[in-house]
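Understanding the architecture of this molecule
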Amino acid sequence: MNSFSSLLQEHRLFQPPKQFSDNAEISSMDQYSSLLKEAQFDILEHWSKQAKRIHWFSSWNTILDWKHPKAQWFKEGTINASFNCLDIHLGTEYKNKKAIIWEREDGHKIELTYAELHNKVGRFASSLKSLGIRKGESVTIYMGMNPEAIIAMLACARIGIVHNVVFGGFSAEALRDRINDSSSVCVITQAITKRRGSDIPLYDAVFSALQSCPSIREVISKDLPKSDKQETPRFHDWDSLLTSHEVVCDPLHIESEHSLFYLYTSGSTGKPKGLVHTTGGYLTHVHYSFGLVFDPKPDDVYFCTADIGWITGHSYVVYGPLMHGMTILIYEGALNHPHPGKIWELIQYHKATILYTAPTAIRAFMSAGNQIPNAFDLSSLRLLGTVGEPINPEAWMWYHSIIGNERCPIVDTWWQTETGGIMIAPIPGAVPTKPGTATMPLPGILADIVDKSGNPTPSNVGGYLVIKHPWPGMARTIFGDDARYEAVYWSEFPPNDHHEGMYFTGDGARKDDDGYFWIMGRVDDVVNVSGHRLGTAEIESALVSHPSVAEAAVVAKPDEIKGNALIAFVTVMKDRPVDIQALKQELKDHVAKEIGAIAKPEDIRFTEGLPKTRSGKIMRRLLREIVSQGTISGDTTTLEDFSSLEKLRSSDEE
Ligand code: PRX
């Protein structure tokens, strides 16, 4: 039995540690309640007050213009994201403070002060301008976790170019789709990134994607391989551009509702969607939430392990912490490479004070044994965070005791690519925590749990997690597809006599007797694998694009470390003789090629037929039951082909 099990009753509250609260901005439930009341009393005034905490070139007249489902926040205001991250610090003592500490798995290290980062961003923005890239055009960034990626994002933001960061783990095909969907005019990349001792050739993937990316005019690569220079598109070396361009690049005064970035994420239907985040509202939400949830202090060394390719990398590696003048620590490589305790060594060496990571990483480190973190001095840590998936109470307790030494509050933060910033999380100096719950919505966020008809569910009854009022960080649309945006997020609970329409998160949740939110996971066909969000439909369509596959259904199976593992059920083309073992591997490789290694199914099961409803829909519920329990307990009366079910059962028993 787990040694923590006695501590895991749901009602167990962990009060904020006194030494933390004593120094916290919000240090009591009274202070928290008054902020909450203020926000409830006048939600627009609350957000307006938060917006005034960042720098605007000119102010707004309208706080929110809301025409379901289109929101515009602070719409007449003008602002610049890079100015708020960099220039505002230059006239202060933060000018020579470290902005970025970067390490790579091969031991390479670089530190950049705010002044140095400003210099590089200015030069790179001047370079982009000189290449004729204009405000409103989009640029794809396909890089590892390094200062250049951050410089590229901030340089785009400086001159109103919309950045579209694609995770470096995606394949050339996935990159191509995202470049084409966003009509990017330029790609910024690097020759290689490092991961677990291997060189990952990012530039080669770009080069291969470019064979069918007609919108690309320019390619910029850190360490541009010399042999591949061509005329169209034009290829440029990062360092040569930087040294040959002016430092001074005045930040444009950008309209609040101008797009800051697109970020692609998986949905429950095939094609990934490019969520559009705009500038003023996003910065307001990210600045506010970072301040509340991480309670930043001038001496903090803040370590968020998320990759720049995900929303956490955008909001809480780059924009939030830099607006707050943090020193951010970033690592290019795997956190357990070159040795299993690398993450702890980084914390010890750089005296990191805040660690923000994913439950899947915590579970993996937990399973590697306590002796690994115990060999390092982690006493610099004062706050721990988690994001991306539900954290199981055992992992929470391990994080609390072994990593936090029972001194550090844990902020379990619930949010999504679509929400832009944190929505549900404890305020660490004030709100008592419980293992496994993200606690309560931040003041200004009207989250609730409702049944199918939109009525709030009673305590302890599961329902759909919804947001009942627009918030500044919300995605404004899906790039090029307003109708899909409305259909996915706003049509489940449209406006009616009782409410003005609710945003549907796609998550199931319940509230306990204390009003704490327990996230129960996705209720759609989106699966969280190792904290990565994947659409089963996307993986199924990758599988059926293989010539041997007739039909495929992908479902999630609970996994102790990854949260979920993907299991694919596949029927093969009748006319093709197949070697099952060889085909298994071939299909896994095929998915890696079409999407990326993160989407590879853990197992592939072959079957002669898939269970379907009378209308021909694959009954994924049954498949989920088979993989998770090995039994079927649900209603099977709508099955058309019982024999297929029998075969699945027996293949499962083999
Ligand atoms: O299911 C929820 C889960 O991750 C989903 C959002 O994934 P993504 O857009 O990739 O953003 C992840 C980083 C913000 C949510 O719909 N999720 C995220 N945070 C939590 C969570 N589930 C439970 N607890 C969390 N703290």
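To be clear, the structure that these remarks concern was listed above.
Remember, it's a predicted structure, so these values are computed and weren't measured experimentally. (Residues numbered from 1 in each chain as written. Predicted model: local features only at pLDDT ≥ 70, side-chain atom pairs only at ≥ 80, totals over all residues. Heavy atoms only, no water.)

Observations regarding the environment of P458
Secondary-structure assignment places P458 in the loop between β22 (447-450) and β23 (463-467). Assessed through its relative accessible area of 52%, P458 is described here as exposed. When the C-alpha atoms of P458 and I110 are compared, they prove to be 53 Å apart, with 348 residues separating the residues in sequence. (Helix = DSSP H or I, 4+ residues; strand = E, 2+ residues; numbered from the N terminus. Buried < 20%, exposed > 50% of the residue type's maximum accessible area, 1.4 Å probe, protein only.)

Things to note about the sheet that holds strand β26 (residues 517-522)
Spatial strand order, β22-β23-β25-β26: four strands in an open sheet with antiparallel pairing. Both outer strands of the open sheet, β22 and β26, are each paired with one neighbouring strand and no more. Taking the axes of each pair of neighbouring strands and ignoring which way they run, one obtains an average angle of 45° across the sheet. The pairing of strand β25 (residues 503-511) with β26 spans five bridges and is classified as antiparallel. (Pairing = 2+ DSSP bridges. Axes fitted to C-alpha atoms, helices over the stretch in contact; angles between N-to-C directions.)

Let's talk about the sheet that holds strand β29 (residues 549-559)
An order of β29-β30-β31 is seen for the three strands of this open sheet, with the pairing classed as mixed. Because the sheet does not close on itself, it has two edges, and the strands there are β29 and β31 (603-606). Strand after strand, the sheet turns through a mean of 25° between neighbouring axes, direction not considered. Sitting on the sheet, helix α19 (residues 620-629) touches β29, β30 (563-572) and β31, and the angle it makes with β29 is about 50°. (Contact = heavy atoms within 4.5 Å.)

Here we look at the packing of aromatic side chains
One pass over the full model with this rule turns up 35 aromatic pairs. Between F170 and W310, the ring centres sit 5.9 Å apart and the planes meet at 70°, which makes this aromatic pair edge-to-face. Placement of F170 in the loop between β8 (162-165) and α7 (172-182) and of W310 in the loop between β17 (301-304) and α11 (311-323) is noted, with a sequence separation of 140 residues between them. An identical accessibility class is assigned to F170 and W310; each is buried. With a centroid separation of 5.5 Å and 20° between ring planes, the pair formed by Y489 and Y503 is classed as stacked. Taken together, the residues Y489 in helix α16 (residues 482-490) and Y503 in strand β25 connect sequence positions 14 residues apart. By relative accessible area, which is 3% here, Y489 ends up buried. Here a set of aromatic residues connected by ring pairs shows up, and it is made of W66, W471, Y485, Y489, W490 and Y503. (Phe/Tyr/Trp six-rings, centres within 6.5 Å; stacked < 30°, edge-to-face > 60°.)

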